[in-house]
Each structure stands twice: as structure tokens, then as C-alpha cells.
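Residues per chain are reported as follows:
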Amino acid sequence: MKNKLMDILKGKFLVSDDAVKNWRFILFASALAVLMIASSHNADKKVHEIAKLNEEVKELRSEFVDTRARMQQMKLESTIMSRLKDKGLKQSDKAPKKIVIVEEDQ
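Within any chain, residue numbers begin from 1 and follow the written order of that chain's sequence. Totals for whole chains, interfaces and linings use all residues, but because this is a predicted model, local features are given only for residues with pLDDT of at least 70 and pairs of side-chain atoms are given and counted only at 80 or more. Note that the side-chain values use all heavy atoms of the structure and ignore hydrogens as well as water.

Got a minute to help me understand the overall build of the protein chain in this structure?
Numbering of helices and strands starts at the N terminus; helices are DSSP runs of H or I of at least 4 residues and strands are runs of E of at least 2. Along its length, the protein chain carries 3 helices and 0 strands. Taken over the C-alpha trace, the protein chain has a radius of gyration of 40 Å; the compact-globule value for 106 residues is 13 Å, which it surpasses by more than 25%. A buried classification covers 3% of the 106 residues belonging to the protein chain. When the accessible surface of the protein chain is summed, it comes to about 11000 Å², and 60% of that surface belongs to carbon and sulfur atoms. The quantity called the radius of gyration is restricted to C-alpha atoms. Its globule counterpart is 2.2 Å times the number of residues to the power 0.38. Buried, partly exposed and exposed residues are distinguished by accessible area as a fraction of the type maximum, computed with a 1.4 Å probe on protein chains only: under 20%, between the cut-offs, and over 50%, respectively. A 1.4 Å probe and the Shrake-Rupley method give the accessible areas. Residues count as covered only by the protein chains that appear here.

Whenever I open this one, the pattern of salt bridges confuses me. Can you help?
Opposite charge on two side chains permits pairing when their charged atoms draw close. Salt bridges are defined as contacts in which a side-chain nitrogen from Lys or Arg sits within 4 Å of a carboxyl oxygen from Asp or Glu. Evaluation of the coordinates by the stated rule reveals 1 salt bridge. Across the pair Lys 58 and Glu 55 runs a salt bridge whose closest N-O atoms are separated by 3.9 Å. Taken together, the positions of Lys 58 and Glu 55, both in helix α2 (residues 19-75) and 3 residues apart, correspond to about one turn of that helix. Take Glu 55: its relative accessible area is 43%, and that puts it in the partly exposed class.

It is not clear to me how the side chain of Thr 79 should be interpreted in this structure. Could you clarify?
In this fold, Thr 79 is placed in helix α3 (residues 77-86). Thr 79 sits in the buried class, given a relative accessible area of 17%. Apart from residues no more than four positions distant in its own chain, Thr 79 is found in contact with Gln 73 and Met 74. Every residue pair with non-hydrogen atoms within 4.5 Å of one another is taken to be in contact.

Looking at this model, I keep getting lost on a nonpolar patch on the surface. Mind explaining?
Judged by side-chain polarity, Phe 25, Phe 28, Leu 32 and Leu 35 come together as a nonpolar surface patch covering roughly 460 Å² of accessible area. With respect to the helices, strands and loops of the structure, Leu 35 is situated in helix α2. Exposure remark for Leu 35: the relative accessible area of 57% places this residue in the exposed category. Only residues whose relative accessible area exceeds 30% and that take part in no salt bridge are eligible for patches, with like-charged residues grouped when within 9 Å of each other and nonpolar side chains (Val, Leu, Ile, Met, Phe, Trp, Tyr) grouped when within 5 Å.

Help me understand the packing of α2 against α3 in this model?
When two helices pack together, their arrangement is given by the angle between the helix axes and by the axis-to-axis distance. Following both chains from N to C, one finds α2 and α3 inclined at 65°, their axes separated by 5 Å at the closest point. As summarised for this structure, α2 and α3 are arranged roughly perpendicular, according to the angle between their axes. Across the interface between the two elements, Gln 73, Met 74 and Lys 75 from α2 touch Glu 77, Thr 79, Ile 80 and Arg 83 from α3. Under the scheme applied here, ten amino acids are nonpolar (Ala, Val, Leu, Ile, Met, Phe, Trp, Tyr, Cys and Pro), four are charged (Asp, Glu, Lys and Arg), and all others, including Gly, are polar. For the contact of α2 with α3, the residue count by class is 2 nonpolar, 2 polar and 3 charged. The axes are straight lines fitted to the C-alpha atoms, using for helices just the contacting stretch, and the angles between their N-to-C directions are given from 0 to 180°. Here the word oblique covers every angle except those under 35 degrees (roughly parallel), over 145 (roughly antiparallel) and from 65 to 115 (roughly perpendicular).

What is the right way to read a negative patch on the surface from this model?
A cluster of acidic side chains, namely Glu 56, Glu 59, Glu 63 and Asp 66, defines a negative patch on the protein surface. By the secondary structure assignment, Glu 59 is in helix α2. For Glu 59, a relative accessible area of 56% translates into the label exposed. Within this scheme the basic residues Lys and Arg register as positive and the acidic residues Asp and Glu register as negative, but His and the chain ends are omitted. Charge positions are represented by NZ for Lys, CZ for Arg, CG for Asp and CD for Glu.

Any link to function would need more than the numbers given here.
Structure below.
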């Protein structure tokens, strides 16, 4: 047991006669490690992108709510009347009349 541990620590398994089998395993394990690291970095990148997009959605939603509130304020009759009063227009005292056009059959 002690000899095997010393052989591993000295690296004899890399230069022995059946070292090709060991090198293949080491290369395979290294390739898997590189693949795992790349996958982890890719996942982290996507998490950061999702967080950034969520912040952007919150900002856009807030902007939408503010714009909608301003638009509703601008649509109020009192706001429209005050803006038109500056231009010399005023509300009519008479109610509007409906014009009906009747077509006669020929």
C-alpha cells in the first residue's frame, strides 16, 4: 500500500509501460473539467444578463406608469379647458345638436 502511494506521488504511473491508458484518462478528465468550467461561466453570464433585464423591465414599467398618469391628467376636462382658455377658446353655453341625414330611396 505504501509503495503504491509512493509510486503515485512520484508519478511512475505516467511513465510506465501502460502509461497510455493513464494519459487518456487524465486528458479525458481534463477535458471534462474544462467543459464544466466553461458551462459554469456561461450559466453565470446568463444569470447576470437576466438580472440586468429584470432591472430594465422594472425601470420601463415605472416609466409606463408615470407616462400613463400624466396622460390621464392631460385628458381631464379641466386641464383641457385651462389650456384652451389661454388660446382664447371657451366652452359653449349651448348643447350640441345632432345632425341626421336621411337618404331617400329612388
